[in-house]
Structure formats: structure tokens, C-alpha cells
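In case you want the letters, here they are:
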Amino acid sequence: MKHFNKLAMGLVLTGIMTQSCKKDFQEANTNPQALNDTKPEFLFTAATMDYSMAGRSMLISKYGSSLRYMQYITPDVVDKDAMEGAFCDPGKTTFPSPSGSFYSDYFTSTGRDYNRIIAKIDKMEDGAVKKGYANLRYVCEIMNTYDAWKVSDIYGGLPYSQAFKVTEFPTPKFDFGWDLYKSFDNTLKAAVVALSATVDAEQIPFVKQDFFYNGDKDKWIRFANTLRIKIAQRYEKRDAAHLAAVLTDIATNFGGKIISKQDESFGYTNTRDWNNNIDDIDGIQNGYVASFAFVEFLRSTNDPRLPLLVRQNDWGTNYAGYNDVKANGTAAAKATLDSAAVNYSRYVGKHVFSASASAPYGWEGQTKTKQFTVTSGTGTATRTLSYISLINTRLFVKNGGFKVGNPSLHLDETVVDGGTIPMRTNLLNYAEACFMMAEIAAKGGNGLGKSAAQWYNDGVTASFDFYKQKGISQNLPGAADAVLGDFLIRYPYAGLASIYSQAWVNYLTQPEESWAMWKRTGYPQFDDYRAGAANKIGDGSGIAYLENLFNGSTNLTIPRRYILPVTTVQMAGSLEAAINDMKSKDAAYGNDRLDSRGRIWWDKQ
């Protein structure tokens, strides 16, 4: 497999690191032939540089897939084909082909590079230096397992046991979820055991080279243990005993040490200044809008995260265009702005399909904007107001994808130098760990000392705190004044459905996890939305629902897996064998590689 053997290390350090560290890194890596002499900690920085956001496609792929599947956003269009194209139509024989960069990233950068670092350390002569790199070595083991699991989780299989051994295995075989989940657990457990045994004073520090946890060994241990539970929970339908065993092991042998507070959340402090090169990543604010189901759930429960997760529309005095229409618009325009039937909220979501309903707001099936005529001097002018809300795009792109002078900016919104905005990618936050444990406890499993209700309360609180701090760091208007208030009194723990509903909200910045939760649990469930008919979406119950994907005659379905890519001619035979293996193991895999309706092994019916 040729791309396994390519040397393509992007060894560029940014201003986040100190100048001395940057200078050392650049000198060590000026000559690519000197790679063998480069210190492993610098290679780790290179391997993870701008992890999960090293290219625009990593972010953009979420817009048309997981963010859309789980109804956080929907395209700002009325075209029927565009609205339906992301979903599977049971009346057709071809289906969408969702894919991202996880697979290629693992084999051409991250996975390849972790394995190189591990091999480099293992080949060192025994002594203080080799011993001093033990922590970094096992952090690489943890990251390699995490990245390989992510690929397996959405594709079903990948070359793993024979990968990156080009001479011995030029066309490595595929390994599959039914073999990998215990292998992953064994690797993670061994890493935790090894990290727990090292003496910090003997270790070579990599504080400046680790943009995840700044070299904090205890946090890496907590993440690895939490990841063990997460992977075991994913395979619960196939092997519930394994999940129970992992929980017992962590409780008994590792003191129940998992992610237990906000600053232990797993994430990556990105270095790229997205504001200076938004190109097409600003599509989340000019091509998509917030979905009806998401906005209505938050609005109906008066969720204090609503202004942190959803941007206000233009129908208020913090938008200059609105004030102009209010002061200088025609009588009809002013009447529209004053209409209670129309102007009932600053937070309005768009239906997934126009066939769903004649909405409770005007202009159903239209794009998010409406134009008004105003008197301007001796003539007239047009003012455009956006009635449909956006998701809070500042959670994904610096400055929300807006540029200075953008007429859509509100009066209380700012655009600043992107280099002044810290952007940290959320990968597994404390709130997610709480909801994961709440589900386990609710099912009678080992809650590591807490009840389902306690984990649920901690999860909601942690989610609120996470998005408040995220809003403050991203210059979101009013974020500093947000308070949780009596939300947990109004919406206390009420069983599994309440856990899944709150996890759905929390997963906004991790839509792939929301998609996986839906596949694993069936939540949030779908409900019909039809004009004038009763429905459960936004009914104030505290239980979230998705809007049925109704195209006017039938309900479409969400794809369930990514499409394994055809990488090289050499690997074609291995790929064909892998598809046949997955089909023989579970008929629910589907017709062929391109049948994205099909299920991979852990996604058991």
C-alpha cells in the first residue's frame, strides 16, 4: 500500500509554542534526511498538528453529514433534490456515499506517525533516555488506538495488525470490529498500567509539545480509562459482559479514575488561524441554518444553553437592518415586524423538508431571509432580514465565519484578529463522560459510585459550563451572563430518554458521536411534523425528537456508515475480501460497499 510508506511530515510549529521551542523544532527538522535524529516529542507535535482540523475538508464534511443527519443544521435551500440528497430513499437503488478524512488521515499521517514514534523509542539503546520516553510512548499508543477505533467505528474495518509494516505486509489484511474492540481495550489498559508505573522525575517532559493535555500523565490516564468504557459501551449489544468487566476493572484496579472534571476533558488546542482563511468553511453560516427540531427543543424547555448554541435571528433591535425597517419601512413592513404570529421568537429553526409542514412561522419552504422596502433619503432601498436562526457558528469557526463589514453582523457581534481567539476542538468532554456513566447506571451497571440521577445532573451542569466557557472564549455576545438557573429543577432526571436528550444537545460540537448514539440507542426518536397535527417536537416534555424525513410521500432514512474508500490497485483484493467478510458476519451490512443504509457489526438491530 504505497501511501503507508510516504514521508509527508508537516513539521511546522506555530506561535502558540514558545519562540525557543519553535527554534529548536525548526532546526531539528530543516533537513528531512535528519528525521532519525529528531526528538520524539517534536515528532509527536508534528503528528498531531491541528489534530482533526488540519484541513478545511475535516470541518466541511461535518456540514453535509453528521451535523445534518442529527438535525443540528439543514441547508438554506428549497430545492427538493438538495434537501433529500443526503438521505437514503427506500424507493431508489443508489444511496449517498458519506465519507470523511478519518481513514486517509490515519494511514497517511496520524496512525503512520504514532507508529514511527513508537518504533523510534523502542529501537533506542536501553538506558535513561529510552526510559525517559516511556510516557510519550504510551501516549502514542493511546492516540493510535483512539484514531484506529474512530476509523473502525464508522467504516467497520481497517488494516490494523499488519498496517505500517510495508516490507513484511505490502498489502495488509483488514481487521474488523468483532476482533478489534478487545484488542483496543487490551492496548489501552496496558498503556494505563505502564503510565501509572513511571516515575515522573525520570521522564522527559513534553509539556510544550502536547496540545491535548500539556504532558499531564494523570489526564492521559483518565482519558484512556474513559475511552475504554466508551468503546465497550459501543459494543454493548454484542458483548454486554465485556462492558461490565471493563467497569469492574477500572473501579477495582484503577480507583475508578476517569474524566471527572472540566479541565480533564479530551480536546486539542488548535493552532490554525481560521479567521484569515475562511474560504469555504464559512458555509456553516451562509449555506446552512439551524434545524427546527434542535431549536424547538431548546426553546420549549427554556434551556439556558439556547443563546450559547443558537444565534439570534435579525428580528430585533441588535440588528441595524431591523431598526431601519422599524423606523423607515412601509406600513406593511412595520405591520409584519409587529405581528405576533410572525415575530414570536429570536430563535427559529427551519424544517428538514418543506413537505413537513406549513410552519408556525411565515414563508415556509423559503430561504431564511425576507426583504423589506424602506425610505432612504429621497428614494427607496431594500433591507434583508434573516428570520431563520443560525447555529452558533462561532463554536466551529473563528468569528463564526463572518468578516469585518459583513452586513449580516449584529450590533453586539465583533470580528477580531483570529490569532487572538483560542480555538480548542472538543473530542470527549466531561459532560459526555457523565452522560455515558448515567446511561450505564440507569441500566443497572457499575456507576463508579454515583447514581444515574447524580451523573445526569453532573452532565447537564458540565454541558452548560462547557458551552458558557466556549462562548466566552469565542466572543459570543452575552455568554458571560448565562446562568444555569433552575433548569435541573424543571427538568430533573427522568430515565434513559432524558439522558439521551441531553447528550444530543451536548454533542453539537461532536456530531459524529450524536450519530453513533442514535444508531446505538435509537434516540432521539423521530416524530411526524404535519401542519395542524399534534406532534412531540418541542412539546416541553424535556424529551428530544427528530423530525421525520418526509419528502411528501415517504420517509427517508439516515445513512448508517461511511463508505470504505478504494485506495490503491494493490489493496483492491483486500478490500473486496473485507466487504465479503463483513457481509458474511452480519447480513445487515447491506448489499455492497456503497450501500450506506447497511450496518457495521456493532450497530446491531
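Per-chain numbering applies: the sequence of each chain, read as written, is numbered from 1 onward. Local features in this predicted model are restricted to residues whose pLDDT is 70 or higher, and side-chain atom pairs enter the listing and the counts only when it is 80 or higher, whereas totals over whole chains, interfaces and linings include all residues. The side-chain values count all of the structure's non-hydrogen atoms but skip hydrogen atoms and water molecules.

Along its length, the chain carries 23 helices and 10 strands. Relative accessibility thresholds used throughout: buried, under 20% of the residue-type maximum; exposed, over 50%; partly exposed, between the two (1.4 Å probe, protein chains only). The buried share of the chain, reckoned over its 605 residues, is 57%. Between two residues, a contact is recorded if the distance between any of their heavy atoms is within 4.5 Å. Long-range pairs, those at least 24 residues apart, make up 74% of the contacts in the chain between residues at least 6 apart in sequence. Using a 1.4 Å probe, the Shrake-Rupley method yields the accessible areas, and only the shown protein chains count as cover for residues. Roughly 23400 Å² of accessible area belongs to the chain as shown, and the carbon and sulfur atoms make up 50% of that amount. Where helices and strands are cited, they refer to DSSP runs of H or I of at least four residues and of E of at least two residues respectively, numbered from the N terminus.

Let us look at the packing of helix 2 (residues 40-47) against helix 9 (residues 134-155). Axis definition: a line fitted to C-alpha atoms, limited for helices to the stretch in contact. Angles are taken between N-to-C directions and run from 0 to 180 degrees. The N-to-C vectors of helix 2 and helix 9 enclose an angle of 20 degrees; their axes lie 11 Å apart at closest approach. By the criterion of interaxial angle, the relationship of helix 2 to helix 9 is roughly parallel. The hand of the helix 2/helix 9 crossing is left-handed. The residues of helix 9 that touch helix 2, namely those facing Pro40, Glu41 and Phe44, are Leu136, Val139, Cys140 and Met143. Residue type decides the class: Asp, Glu, Lys and Arg count as charged, Ala, Val, Leu, Ile, Met, Phe, Trp, Tyr, Cys and Pro as nonpolar, and the leftover types, Gly among them, as polar. Among the residues forming the contact of helix 2 with helix 9, the class breakdown is six nonpolar, no polar and one charged. For classification purposes, angles smaller than 35 degrees are called roughly parallel, those larger than 145 roughly antiparallel, those between 65 and 115 roughly perpendicular, and all remaining angles oblique. Should the near helix be turned anticlockwise from the far one by less than a right angle, the crossing is termed left-handed; should it be turned clockwise, right-handed.

Turning our eyes to something else, we now look at the confidence of the model for the chain. Taken over all residues, the pLDDT of the chain has a mean of 89, while the share at 70 or more is 90%. In this model, residues 1-35 is a region of pLDDT below 50 whose contacts with residues beyond four sequence positions or in other chains number 66 contacts. pLDDT measures how confident the predictor is about each residue, on a scale from 0 to 100. pLDDT under 50 marks residues 359-365. Its contacts with residues more than four places away, or in other chains, come to 26 contacts.

What follows covers the pattern of salt bridges. Pairing of side chains with opposite charge becomes possible as their charged atoms draw close. Put simply, a salt bridge is a Lys or Arg side-chain nitrogen that is within 4 Å of an Asp or Glu carboxyl oxygen. As enumerated under the stated definition, the model contains 35 salt bridges in all. Two residues, Arg116 and Asp113, come together in a salt bridge whose shortest N-O distance is 3.9 Å. On the criterion of helical spacing, the pair formed by Arg116 and Asp113 is a turn pair, its members being three residues apart in helix 7 (residues 110-122). By relative accessible area, Arg116 is classed as partly exposed at 28%. Of the residues examined, Asp113 reaches a relative accessible area of 3% and is grouped as buried. Between Arg560 and Asp603 there is a salt bridge, with the nearest N and O atoms lying 2.7 Å from each other. Linking Arg560 in the loop between strand 10 (545-547) and helix 23 (572-585) with Asp603 in the segment after helix 23, this pair joins segments that are 43 residues apart in sequence.

Attention now goes to helix 16 (residues 320-328). Within the sequence span of helix 16, burial applies to Gly321, Tyr322, Asp324 and Val325. Buried residues of helix 16, seen end-on, are gathered within an arc of 160 degrees and therefore sit on one face of the element. Close packing links the buried residues of helix 16 with helix 17 (331-338), strand 6 (369-376) and strand 7 (379-386). Working definition: the arc comes from the directions between the helix axis and the C-beta atoms, pointing outward to the latter.

It is worth spelling out the nonpolar core at this point. Ranked by size, the top nonpolar core spans 144 residues in total, and within it Trp220 and Ile229 carry the most contacts. With 11 residues, helix 9 is the single largest residue contributor to this core. Leave out the neighbours within four places in its chain, and Ile229 touches Leu243, Val246, Leu247, Ile250, Ile258, Met436, Met437, Ile440 and Leu448. We define a nonpolar core as any set of buried Ala, Val, Leu, Ile, Met, Phe, Trp, Tyr and Cys residues linked to one another through side-chain atoms lying within 4.5 Å.

Glancing now at the pairing of strand 8 (residues 423-428). Across the six residues that make up strand 8, a large majority, five, are buried. The rule for pairing is simple: two strands pair if DSSP sees at least two bridges between them. Examined bridge by bridge, strand 4 (residues 266-270) and strand 8 share five bridges and lie antiparallel to one another. Along strand 8, the bridge assignment pairs Tyr268 with Thr425.

Time to look at helix 2. Burial within helix 2 is extensive, with eight of its eight residues counted as buried. Looking only at helix 2, the buried set comprises Pro40, Glu41, Phe42, Leu43, Phe44, Thr45, Ala46 and Ala47.

Turning next to the packing of aromatic side chains. Stacked, edge-to-face and tilted labels apply to pairs of Phe, Tyr and Trp rings (six-membered ring for Trp) whose centres lie within 6.5 Å, assigned for plane angles under 30 degrees, over 60, and everything in between, in that order. One pass over the full model with this rule turns up 45 aromatic pairs. With a centroid separation of 5.5 Å and 65 degrees between ring planes, the pair formed by Tyr106 and Phe164 is classed as edge-to-face. With Tyr106 in helix 6 (residues 102-108) and Phe164 in the loop between strand 2 (157-158) and strand 3 (175-176), this residue pair connects regions lying 58 residues apart in the sequence. The pair formed by Tyr106 and Phe164 is uniform in burial state, with each residue classed as buried. Look at Phe487 and Tyr491: their rings are 5.5 Å apart centre to centre, the planes differ by 35 degrees, and that puts the pair in the tilted class. Since its relative accessible area comes to 14%, Tyr491 is described here as buried. Three or more aromatic residues link up through ring pairs in this structure, and these residues are Phe44, Tyr51, Tyr146, Trp149, Phe206, Phe211, Phe212, Tyr213, Trp220, Phe223, Phe266 and Tyr268.

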